[in-house]
Amino acid sequence: MSFFLNPALLGLLSFLAVPIIILFFINRKKIILHWAAFEWMKKAQIVKRKSVRTDQWLKLISKLLLILFIVLFVSRPVLKSEKIGKTLFIVDETLSMEAIQDGKSRRSLAQDALSEMISQGMSDYSLMKFSGRLTEISSPGAAMPSPSAPTKGAFDESPGAAGQKEFFDAILKDPIVQKSDSVVFISDFQKAFWSDPDEIASNVKRFGKKTRLIFKPIPLSDKVPNISLNSLSIPPEGYFPGNESRVIAAVRNCSSSQEDSIPVTLEVNGEKADLAYVSLAPFETKTVSLIFRPKDSGIQALTASLPSDSLDADNRIYATINPPLGLKMLSVSPEKGSKDFGYDVFFCVAVKSFCPKDFISVNSVSPLQFLAEDTDSCDFLLVSGLPIPADSPLTRQISQFIKAGNGSLLLFFMPGSDVSFFESLGLKPSPPLIGECKIDPERSSGTYASFLQDGELDISLPTFFKLSVFQGISDCEKGGRLFLKGVQDSPVCVSNSGGTRIISFGLPFYPSYTDFFYNPNFVQFTMRVMNEALKRRMFFSFVGEETRAMNFDGIAPDRDYFVSVAGEDSKEKLQIQNENGLMFLSRPPMGRAGFYSIYCDNAKFADFGYNLTRKDSLLDPVPPANFEKAIESGLKLAGRDASSKLFEGVKEFFPACIVFLILALIFESYAHFWRKT
């Protein structure tokens, strides 16, 4: 049975009427003139008319044939064929295929569908799996693979997501696909990747019609409940050993149903530390705080977990805290003299209250002593209560610390003093403000004082006097970290100069400038300052493709680095990448989630938690209606089309159309030119 690839163009056959209308209705109009020899000429005219009619019929036939074959040529006639030929089955092996439905995994359902299709008498077939890339798993006619879930080794590459772009890019490049007569893709077709009908149709057109493309969706429920733990992170106040600490877990409802009272459990070094509950609306993401108190200053291995559900692979998330020990803070301030307190005392006491000595040691010196200090080994330099005149020994020593780029500078401006040094850093302190100033609660989000909005805390209690603000620093994106009522610019800002992070304050935390340090929440404020000042990274949790660029402090380009499963002996070498001066360790995503260690040569370099991708957590399948446009472009959908029609092929009469079109042109030329001769 013949049909056309472009049947809509058959409407052009209506142009066949044009030459007929011209011949029989337009050219038949005539004017008869009578003259003396009319009767004598009449007989000759009758003979001539017969000759003309013959030529006109030839011209009409040639025009009709030419129009007919042009329309057939552009409509592309083809012939159906039920020959199956070489069939390539591609089975989805991405993470979502591990989801459980009615006690059976999607991978098992895919294997059942594959077995059913092969049992229809196929002998010439091959098998591949798609896990973000195509991999051949069976040669033609080989035995079926086991339907059980594969056991991934730690150093096997983890499957990616089965997105449209990844799938079509893979099949368009693969030589096995190009040699096949039919390609059958068996998948769960997640709505997250296959929701756009126009995109599906466009990709099917890109694939073309030379090879039959068949989609086989496995039978699934329309709504699949799944909750995922998307991330684990340190809050703005940071982590300081020996103190009660928090981590923030982001929990997402990946289904279209309400989920209530979901328990989120935190384990630290294998021991249960905290439990929190969260309720989620459909597709909602919330964060929960989990509290723990580390027993020592060493590495903390954190595991947050959810109860088992449809997809267990996203119910746990792993992270490590590797606190750097032996950090040094050098505080420079005037000698106390007759004053009750030194200018740095309140800030330094706050730091000591949450930093054990083995984590950060604080050493206070006078300006004269500071000139003799070696700042190369200093992680934090605090300068408070000092005017910093231009081109002074003190200024040169501070500038040398900034130039070295080894640490962070905490700089407290004395309102009314010389501003030239601050201007050299790109900052312009204002003259001292007059009157009392209070924190602006409407602009506190993202600042060091944002926590004062929580619970029963009173953000209006801290008061500031005679402070300066940094002109032009009017929001958090520009570096502002504290905003006051009625004042546009910020008195606290963060900037960078070379490799040095600089946190500047428009006042010292000292009596007659503020009473904030009398507030118990001043310690929390100071923790947030120190967390941003701490350049050393200590929290490590990578998800999916993030292992291709793992950032650690102290990576040396001329050393060898190896990754190992925590507690195991096997190791694999990591690649070193240099991107714009930043060093990264790189490898493809691992096949198993858990804790890993990195060794530099034979010494442990760092620990981290690795987690499988969360891109496959949305499990709801796409409705069949989303494939309608793609079906018009040549896609076949198993379950919609009859099994006998799935492997119908087409044979196009393209060469025959060319031959008939050439013959029609030759006949047209004969009717118009050769016949006259």
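Conventions adopted
Residues numbered from 1 in each chain as written. Predicted model: local features only at pLDDT ≥ 70, side-chain atom pairs only at ≥ 80, totals over all residues. Heavy atoms only, no water. Helix = DSSP H or I, 4+ residues; strand = E, 2+ residues; numbered from the N terminus. Contact = heavy atoms within 4.5 Å. Areas by Shrake-Rupley, 256 points an atom, 1.4 Å probe, with all protein chains shown as cover. Salt bridge = Lys/Arg side-chain N within 4 Å of Asp/Glu carboxyl O. Buried < 20%, exposed > 50% of the residue type's maximum accessible area, 1.4 Å probe, protein only. Patch = residues over 30% accessible without salt bridge, like charges linked within 9 Å, V, L, I, M, F, W, Y side chains within 5 Å. Pairing = 2+ DSSP bridges. Axes fitted to C-alpha atoms, helices over the stretch in contact; angles between N-to-C directions. Core = buried A, V, L, I, M, F, W, Y, C linked by side-chain atoms within 4.5 Å. Arc of directions from axis to C-beta. Polar contact = N/O pair within 3.5 Å; in protein donor to acceptor, adjacent residues only side chain to side chain. Parallel < 35°, antiparallel > 145°, perpendicular 65-115°, else oblique. Nonpolar A, V, L, I, M, F, W, Y, C, P; charged D, E, K, R; others polar. Phe/Tyr/Trp six-rings, centres within 6.5 Å; stacked < 30°, edge-to-face > 60°. Expected span 1.5 Å × (residues − 1). pLDDT = per-residue confidence, 0-100.

(A) Representation of the overall build of the protein chain within the structure. Looking only at helices and strands, the protein chain has 15 helices and 34 strands in total. Considering only contacts within the protein chain whose residues lie at least 6 apart along the sequence, 73% involve residues at least 24 apart. Split by element, the accessible area of the protein chain, about 32,900 Å² in all, is 55% carbon and sulfur.

(B) How the structure looks around the pattern of salt bridges. What the rule picks out here adds up to 17 salt bridges. As a salt-bridge pair, Glu 532 and Arg 481 come within 3.0 Å of each other at their nearest N and O atoms. One end of the pair, Glu 532, is in helix H12 (residues 522–533); the other, Arg 481, is in strand S23 (residues 480–482), with 51 residues separating them in the sequence. With a closest N to O distance of 2.4 Å, Arg 548 and Glu 545 form a salt bridge. For Glu 545, a relative accessible area of 42% gives the class partly exposed. Each of Lys 165, Asp 169 and Arg 206 takes part in one network of salt bridges that share partners.

(C) View of a nonpolar patch on the surface. Nonpolar side chains collect at one region of the surface, where Leu 9, Leu 12, Phe 15, Val 18, Ile 22, Ile 70 and Val 74 lie side by side and expose about 530 Å² of accessible area between them. As for its position among the elements, Leu 9 is in the loop between strand S1 (2–4) and helix H1 (17–26).

(D) View of the sheet that holds strand S14 (residues 285–292). As summarised here, the arrangement of the 3 strands in space is S10-S11-S14, forming an open sheet in which the pairing is antiparallel. The outermost strands of the open sheet, each flanked by one partner alone, are strand S10 (227–233) and S14. The average angle at which neighbouring strand axes cross in this sheet is 30°, direction not considered. Where S10 lies against strand S11 (residues 245–253), 6 bridges are found, and the strand directions are antiparallel. Across the sheet, the residue bridging to Leu 232 is Ala 249, located in S11.

(E) Structural context of the nonpolar core. Among the nonpolar cores identified, the biggest contains 74 residues, and Phe 347, Leu 410, Phe 464, Phe 509 and Met 530 are the most heavily contacted of them. The next biggest cluster of nonpolar side chains, apart from the first, holds 27 residues, and it includes Ile 90, Ala 170, Val 204 and Phe 215.

(F) Layout of the sheet that holds strand S12 (residues 259–268). Within the open sheet, the 9 strands sit side by side as S13-S12-S15-S16-S26-S32-S31-S27-S28. Their pairing is mixed. One side of each edge strand has no neighbouring strand; the edge strands of this open sheet are strand S13 (271–280) and strand S28 (571–573). Strand-to-strand twist across the sheet, computed as the mean angle between neighbouring axes with direction ignored, equals 30°. Note that strand S16 (residues 316–321) and strand S26 (residues 539–543) share 2 bridges and pair antiparallel.

(G) Structural context of helix H7 (residues 197–207). Buried within H7 are the following residues: Ile 200, Ala 201, Asn 203, Val 204 and Phe 207. One side of H7 holds all its buried residues, which, seen down the axis, span an arc of 165°. On its buried side, H7 packs onto helix H4 (164–173), helix H5 (175–178), strand S8 (182–187), helix H6 (191–194), strand S9 (212–217) and helix H13 (628–632). The residue sitting at the N-terminus of H7 and contributing the capping side-chain oxygen is Asp 196; that oxygen lies 3.0 Å from the backbone nitrogen of Asp 198. Looking at the residues trailing H7, positive phi occurs at Gly 208, about 90°.

(H) Geometry of the side chain of Asn 226. For Asn 226, the position within the fold is in the loop between S9 and S10. On the basis of relative accessible area, Asn 226 is assigned to the buried category, the value being 1%. A polar atom in the side chain of Asn 226 sits 3.0 Å from the side chain of Asp 314. Among residues more than four places away in sequence, those in contact with Asn 226 are Arg 252, Asn 253, Cys 254, Ser 255, Asp 309, Ser 310, Leu 311, Asp 314, Ser 617 and Leu 619.

(I) Focus on the packing of H4 against H7. H7 packs onto H4 with a crossing angle of 5° between their chain directions and a minimal axis gap of 10 Å. What the angle tells us is that H4 and H7 run roughly parallel. Across the interface between the two elements, Gln 164, Phe 168, Asp 169, Ile 171 and Leu 172 from H4 touch Glu 199, Ile 200, Asn 203, Val 204, Arg 206 and Phe 207 from H7. Classifying every residue of the contact of H4 with H7 gives 6 nonpolar, 2 polar and 3 charged.

(J) Highlighting the pairing of strand S17 (residues 327–332). A large share of S17 lies buried, amounting to 5 of its 6 residues. Pairing between S17 and strand S18 (residues 360–365): 6 bridges, direction parallel. Note on S18: the bridge partner recorded for Met 329 is Val 362. Where S17 and strand S19 (residues 380–383) come together, 4 bridges link them in parallel fashion. Its bridge partner lying in S19, Leu 330 is registered against Leu 381.

(K) Spotlight on the packing of helix H8 (residues 345–354) against H12. The N-to-C vectors of H8 and H12 enclose an angle of 85°; their axes lie 9 Å apart at closest approach. Here H8 lies roughly perpendicular to H12, going by the angle between them. Listed contacts from H12 to Phe 346, Phe 347, Ala 350, Val 351, Ser 353 and Phe 354 of H8 are Phe 522, Val 523, Thr 526, Met 527, Val 529 and Met 530. Of the residues belonging to the contact of H8 with H12, the class tally is 10 nonpolar, 2 polar and no charged.

(L) Representation of the packing of aromatic side chains. Tallying each qualifying case throughout the model produces 48 aromatic pairs. On the numbers, 4.9 Å between centres and 35° between planes, the contact of Phe 189 with Phe 215 is tilted. A residue pair is termed long-range when its members are at least 10 positions apart, and Phe 189 in the loop between S8 and H6 and Phe 215 in strand S9 qualify at 26 residues. Judged on exposure class, the residue Phe 189 and its partner Phe 215 are both buried. Judged by centre distance (5.5 Å) and plane angle (80°), the ring pair of Phe 189 and Phe 627 falls under edge-to-face. Residue Phe 189 is found in the loop between S8 and H6, and its partner Phe 627 is found in the loop between strand S32 (603–611) and H13; the two are separated by 438 residues along the sequence.

(M) View of helix H3 (residues 106–118). Between its first and last C-alpha, H3 extends 18 Å over 13 residues, near the 18 Å set by a 1.5 Å rise per residue. For H3, the set of buried residues is Arg 106, Arg 107, Ser 108, Leu 109, Ala 110, Gln 111, Ala 113, Leu 114, Met 117 and Ile 118.

(N) Up close: the confidence of the model for the protein chain. Looking at the protein chain as a whole, the pLDDT averages 84, with 85% of positions reaching at least 70. Scored below 50 in pLDDT, residues 47–52 shows 1 contact in the model against residues more than four places distant or in partner chains. Here residues 140–150 scores under 50 on pLDDT; set against residues more than four positions off or in separate chains, the count is 23 contacts.

(O) Focus on unusual backbone geometry. Positive phi, normally seen in glycine, also occurs at Phe 189, with a value near 45°. At Ser 261, a position not held by glycine, the phi torsion is positive, near 50°. Along the chain, Ser 261 turns up in strand S12. Judged by relative accessible area, which is 48%, Ser 261 ranks as partly exposed.

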